[in-house]
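Topology and contacts: notes
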Protein chains: 2
Amino acid sequence: MRMISLNVDLGERTYPILIGPNLLDDPEPLRRAIGGVSAVVVSNETVAPLYLERVQAHLAGLRHEAVVLPDGEAYKTLDILDPIYSALLKGRHDRHTTLIALGGGVIGDITGFAAATYQRGVNFVQIPTTLLAQVDSSVGGKTGVNHPFGKNMIGAFHQPRAVIIDTRTLDTLPDRELSAGIAEVIKYGLINDAPFFEWLERHMDDLLAREPAALSHAIERSCLNKARIVAADEREAGARALLNLGHTFGHAIETGMGYGQWLHGEAVACGMLMAATMSAELGWLPHTEVARLRTLLLRTHLPVTPPAELAPERFRALMAVDKKVIDGALRLVLLRAIGQALVTADFDPAALERTLATPAAA
Amino acid sequence: MRMISLNVDLGERTYPILIGPNLLDDPEPLRRAIGGVSAVVVSNETVAPLYLERVQAHLAGLRHEAVVLPDGEAYKTLDILDPIYSALLKGRHDRHTTLIALGGGVIGDITGFAAATYQRGVNFVQIPTTLLAQVDSSVGGKTGVNHPFGKNMIGAFHQPRAVIIDTRTLDTLPDRELSAGIAEVIKYGLINDAPFFEWLERHMDDLLAREPAALSHAIERSCLNKARIVAADEREAGARALLNLGHTFGHAIETGMGYGQWLHGEAVACGMLMAATMSAELGWLPHTEVARLRTLLLRTHLPVTPPAELAPERFRALMAVDKKVIDGALRLVLLRAIGQALVTADFDPAALERTLATPAAA
């Protein structure tokens with residue numbers, strides 16, 4: 001199979017996304033993205049035993065070291081940065097060093113934030129090893145950690161020098177995480193790519209069977225969609241907010257249940273269906289389209305009902321601390337059609353109440 | 001006295017520096033810099049009793065609150081951010097809120113970093129109340145905190161929306177801090193403004209007597225010099241490094257002695273004289289000019305000899321973790337003349353050894 005190369009077009013900070021099987025066997029993409037003479041690989045206890053040695057082999061001749069963190073969203077806090085900063089400082093890494101994130105979205109977010117803040121910003125490279133990270137969090141420069149009072153509330157925009165996606169790393173991904181990643185893939189179809197949504201309806205079985213060509217196509221199409229939106233609106237002043245489809249509902253679920261109970265993609269899946277349900281409550285989206293989405297999510301083994309533990313009042317309070325609140329008004333990403341999302345604070349709040357009050361309807 | 005207004009010219013992020021007596025009595029400059037409907041003032045236990053009420057009076061009609069931190073460089077760590085993040089999240093401040101730093105350089109650096117990283121970046125306003133902060137740290141967008149292994153090693157570039165300098169706040173500044181602030185004022189003369197250095201030689205007694213017109217002129221000229229350098233090189237790719245004159249030596253003193261033992265300006269004063277001494281050792285600067293600087297620093301009651309506790313080997317090790325190291329080579333800001341500094345890694349290391357070995361010579 002060929003290597004696919006896309007660009008995220010951000011002027012002088014433009015960077016490539018490289019997609020293909022066995023890219024980790026090729027030192028070139030990584031070496032090209034490293035400018036200085038030193039590097040630090042950040043990974044976790046699950047991914048490091050699988051891929052760290054192969055990545056470090058490409059760093060021969062550079063001063064380099066590795067930081068291996070515990071695995072899980074529960075560790076994505078300000079405290080987890082200290083081992084990274086300490087390794088950088090003990091190893092006398094200067095502002096021309098490069099941080100390499102080897103792992104899923106949590107490792108990418110943490111490493112990116114460490115890179116954004118070490119000596120006021122050093123280079124970093126993303127090597128995402130989960131589908132979720134490959135199609136979403138590794139692209140676009142959002143980095144950060146959670147706070148006990150809210151998810152991703154501490155962070156920075158910091159673009160990587162390159163994103164290197166070896167599709168073979170998905171061979172070792174647990175089924176549950178594969179499905180969670182597909183939730184974000186489905187999101188791109190919902191936002192503004194109806195033909196891709198239809199492609200997913202036709203090829204979901206291939207994706208779940210990890211058919212290489214299907215995976216590569218889904219990753220490429222997702223990254224293309226995301227790269228286009230990010231290039232148009234890097235700092236989320238407008239269109240980029242569309243990428244949060246399902247996330248305001250989803251973040252409430254993640255925070256309310258405690259980080260790590262629901263996978264991010266699972267919460268987003270449920271959140272997208274809640275956004276679709278609310279859009280139907282508003283009369284904006286036909287109920288048949290909600291059912292179509294629900295069917296696709298169920299085929300992907302994704303949750304379609306919010307947790308019973310979260311009462312509507314609690315759910316609403318959790319949504320109100322979401323970053324999508326502007327000067328007190330809750331803004332949501334809703335749907336006019338499959339493939340046509342919009343960001344708006346101009347909706348009948350009763351529709352939100354009905355959506356929260358009748359989770360079974362979702 | 002008139003209000004002086006300068007601009008830091010950074011394209012769409014251009015912002016004003018306003019300088020004058022009793023600016024804190026005028027709500028307009030602050031209200032103009034606040035975009036949204038909410039704000040959080042961050043101050044410390046020393047400054048809050050003096051000025052917090054006056055600042056908060058200008059926030060009438062906005063949702064606002066204050067965070068009062070303990071006073072001192074020793075508290076400038078990652079941990080100090082938590083009360084700020086918690087107040088922001090508990091108060092449901094969204095990404096359109098504004099953080100207001102009311103205090104010295106430590107409060108400005110901490111608040112700026114909190115603003116840079118809360119929800120990936122919110123607005124902030126600097127109201128510096130020490131001379132050091134007014135002429136240096138509040139201008140230019142460097143924000144951050146210290147790490148046990150190095151000073152200012154964690155941070156971000158984040159420009160304020162405005163810098164509001166009420167020169168009357170210097171009335172309450174302890175003598176020692178006034179002198180420490182003048183160290184950075186002298187620095188601008190040394191770097192590239194020989195006429196200003198000569199003005200300082202003529203007016204040092206007026207500055208130490210806190211003569212209002214002399215203070216305003218010194219602050220204006222310092223901010224003009226800094227704003228020009230920052231506008232030319234925001235991210236410190238080149239010329240901005242000149243502003244670090246005395247800082248590589250100075251940071252070694254601060255770190256080696258423990259944060260808070262020496263004031264930053266005191267360490268910079270001693271560091272500038274060490275840089276001048278080393279420049280003379282290299283044959284670049286006449287010894288008479290070193291003596292001229294030494295005399296001016298002594299008149300300002302600033303230290304001219306590094307601490308005896310710091311042996312040369314330890315001093316060198318501390319300098320090697322400085323951010324001015326690029327790919328292993330130590331870069332220093334040295335002097336060709338008073339008013340002519342240069343950044344270079346191209347020097348005879350023996351001159352550095354001699355400078356470190358004979359602190360009495362400094």
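The structure displayed is predicted, hence computed values, not measured ones. (Residues numbered from 1 in each chain as written. Chains lettered and ligands numbered in written order. Predicted model: local features only at pLDDT ≥ 70, side-chain atom pairs only at ≥ 80, totals over all residues. Heavy atoms only, no water.)

1. Regarding the overall build of chain A
- Secondary structure summary: chain A contains 13 helices and 13 strands in total.
- For chain A, the C-alpha radius of gyration of 20 Å lies close to 21 Å, the compact-globule estimate for 362 residues.
- Taking the principal axes of its C-alpha atoms as reference, chain A extends roughly 60 × 40 × 35 Å.
- Within chain A, the proportion of its 362 residues that are buried is 63%.
- Contacts in chain A between residues far apart in sequence, at least 24 positions, make up 75% of those at least 6 positions apart.
- Taking the average place of the 34 positive charges on the side chains of chain A and the average place of its 41 negative ones, the gap between the two points comes to 4 Å. (Helix = DSSP H or I, 4+ residues; strand = E, 2+ residues; numbered from the N terminus. Rg over C-alpha atoms; globule rule 2.2 N^0.38 Å. Buried < 20%, exposed > 50% of the residue type's maximum accessible area, 1.4 Å probe, protein only. Contact = heavy atoms within 4.5 Å. Lys, Arg positive; Asp, Glu negative; His and termini not counted. Charge placed at Lys NZ, Arg CZ, Asp CG, Glu CD.)

2. With respect to the interface of chain A and chain B
- Contact residues are listed per partner, giving 38 residues for chain A and 38 residues for chain B.
- With both chains or domains summed, chain A and chain B bury close to 3700 Å², and 57% of this area falls on carbon and sulfur atoms.
- Taken together, the links from chain A to chain B amount to zero salt bridges.
- Viewed at the interface, chain B and chain A are joined by 10 residue pairs in polar contact (both at pLDDT 80 or more).
- Looking at the side of chain A that touches chain B, the element that brings in the most residues is strand 8 (residues 150-157) of chain A, giving six residues.
- Of the residues assigned to the side of chain A that touches chain B, the class counts are 17 nonpolar, 10 polar and 11 charged. (Buried area = accessible area lost by both parts, 1.4 Å probe. Salt bridge = Lys/Arg side-chain N within 4 Å of Asp/Glu carboxyl O. Polar contact = N/O pair within 3.5 Å; in protein donor to acceptor, adjacent residues only side chain to side chain. Nonpolar A, V, L, I, M, F, W, Y, C, P; charged D, E, K, R; others polar.)

3. Digging into the UniProt feature "binding site: Zn(2+)" (unreviewed entry) in chain A
All names here are of chain A.
- Here the UniProt feature "binding site: Zn(2+)" (unreviewed entry) sits at Glu184, His247 and His264. Spanning 81 residues, the named residues nonetheless gather at one spot, since no C-alpha pair among them exceeds 10.2 Å.
- Checked against the element boundaries, Glu184 lands in helix 6 (residues 175-192).
- Sequence-distant contacts of Glu184, that is, excluding residues within four places in its chain, are made with Leu132, Val135, Asp136, His247, His264 and Val268.
- Assignment of secondary structure puts His264 in helix 10 (residues 264-281).
- If near-sequence neighbours (up to four positions away) are discounted, His264 is found in contact with Leu132, Lys151, Glu184, His247, His251 and Glu254.
- Separated by 3.2 Å, the side chains of His264 and Glu184 make a polar contact. (UniProt positions renumbered as here; feature names shortened; annotations may be inferred.)

4. A short note on the sheet that holds strand 3 (residues 38-44) of chain A
Residues and elements named next belong to chain A.
- On the basis of which strands lie adjacent, the open sheet formed by seven strands has the order 1-2-9-6-5-3-4 and mixed pairing. Strand pairing shows two members of the sheet lacking a second neighbour, strand 1 (4-8) and strand 4 (63-69), which therefore form its edges. Going across the sheet, the axis of each strand differs from the next one's by a mean of 15 degrees, ignoring polarity.
- Sitting on the sheet, helix 3 (residues 81-90) is in contact with strand 3, strand 4 and strand 5 (98-103), with an inclination near 165 degrees to strand 4.
- Of the strands in this sheet, strand 1, strand 2 (15-20) and strand 9 (162-166) touch helix 8 (residues 212-232), which is tilted by about 15 degrees from strand 1. (Pairing = 2+ DSSP bridges. Axes fitted to C-alpha atoms, helices over the stretch in contact; angles between N-to-C directions.)

5. Thoughts on the nonpolar core
- Ranked by internal contacts, the top residues of the largest apolar core, which has 79 residues, are Ile186(B) and Phe249(B).
- If one sorts the elements of this core by residue count, helix 10 (residues 264-281) of chain B sits on top with 11 residues.
- Counting only domains with at least three residues in this core, you end up with domain 1 (4-172) and domain 2 (175-361) of chain B.
- In contact with Phe249(B), other than residues within four places in its own chain, are Gly271(B), Met274(B), Ala275(B), Met278(B), Phe315(B), Met319(B), Leu332(B), Leu352(B) and Leu356(B).
- With 78 residues, the next largest nonpolar core counts Val139(A), Leu173(A), Trp199(A) and Ala269(A) among its residues. (Core = buried A, V, L, I, M, F, W, Y, C linked by side-chain atoms within 4.5 Å. Domains from an automatic or database assignment.)

6. What about the relation of the copies chain A and chain B?
- Aligned on chain B, chain A shows an RMSD of 0.0 Å; the corresponding rotation is 180 degrees and the shift along the axis is 0.0 Å. On the angle and the small slide along the axis, the relation comes out as a two-fold axis. Among all residues of chain A, the minimum C-alpha distance to the rotation axis is found for Leu78(A), at 4.1 Å.
- Looking at the interface residues of chain A, 100% of them are also at the interface in chain B, so both copies use one shared face. (Least-squares fit on C-alpha atoms with pLDDT ≥ 70 in both.)

7. Looking at the pairing of strand 13 (residues 340-344) of chain A
Residue and element names in this part refer to chain A.
- One ladder, built from five bridges, connects strand 12 (residues 332-337) with strand 13; its direction is antiparallel. When the sheet's bridge partners are listed, Leu332 is paired in strand 13 with Thr344.
- Hairpin connection of strand 12 to strand 13: two residues between the antiparallel strands, including Gly339 at a positive phi of 95 degrees.

8. Some points on the sheet that holds strand 6 (residues 123-128) of chain B
Residues and elements named next belong to chain B.
- The mixed open sheet is built from seven strands, whose spatial order is 1-2-9-6-5-3-4. A single partner strand is all that each edge strand has here, and the edge strands are strand 1 (4-8) and strand 4 (63-69). Strand-to-strand twist across the sheet, computed as the mean angle between neighbouring axes with direction ignored, equals 15 degrees.
- Across two bridges, the pairing between strand 6 and strand 9 (residues 162-166) is parallel. Across the sheet, the residue bridging to Val125 is Ala162, located in strand 9.
- Lying over the sheet, helix 4 (residues 105-117) contacts strand 3 (38-44), strand 4, strand 5 (98-103) and strand 6, oriented at roughly 170 degrees with respect to strand 5.
- Against the sheet, helix 8 (residues 212-232) contacts strand 1, strand 2 (15-20) and strand 9, and its axis sits at roughly 15 degrees relative to strand 1.

9. Quick look at the confidence of the model for chain A
- Residues with a pLDDT of 70 or more make up 96% of chain A, whose mean pLDDT is 92.
- Summarising per-element confidence for chain A, the mean pLDDT is lowest in strand 10 (residues 325-326) of chain A (62) and highest in strand 5 of chain A (98). (pLDDT = per-residue confidence, 0-100.)

10. Topic: the pattern of salt bridges
- By the definition in use, this model includes 34 salt bridges over all chains.
- The partner of Asp171(A) in a salt bridge is Arg168(A), with the nearest N and O atoms 2.7 Å apart.
- Using a relative accessible area of 44% as the deciding quantity, one classes Asp171(A) as partly exposed.
- Judged by its relative accessible area of 42%, Arg168(A) falls in the partly exposed class.
- Measuring nitrogen to oxygen at the nearest pair gives 2.7 Å for the salt bridge that ties Arg316(B) to Glu353(B). Here Arg316(B) is found in helix 12 (residues 312-320), whereas its partner Glu353(B) is found in helix 13 (residues 349-357), with 37 residues between them in sequence.
- In this structure Glu353(B) comes out as partly exposed when scored by relative accessible area, which is 30%.
- What emerges from the salt-bridge pattern is a single network uniting Asp25(A), Arg54(A) and Asp166(A).

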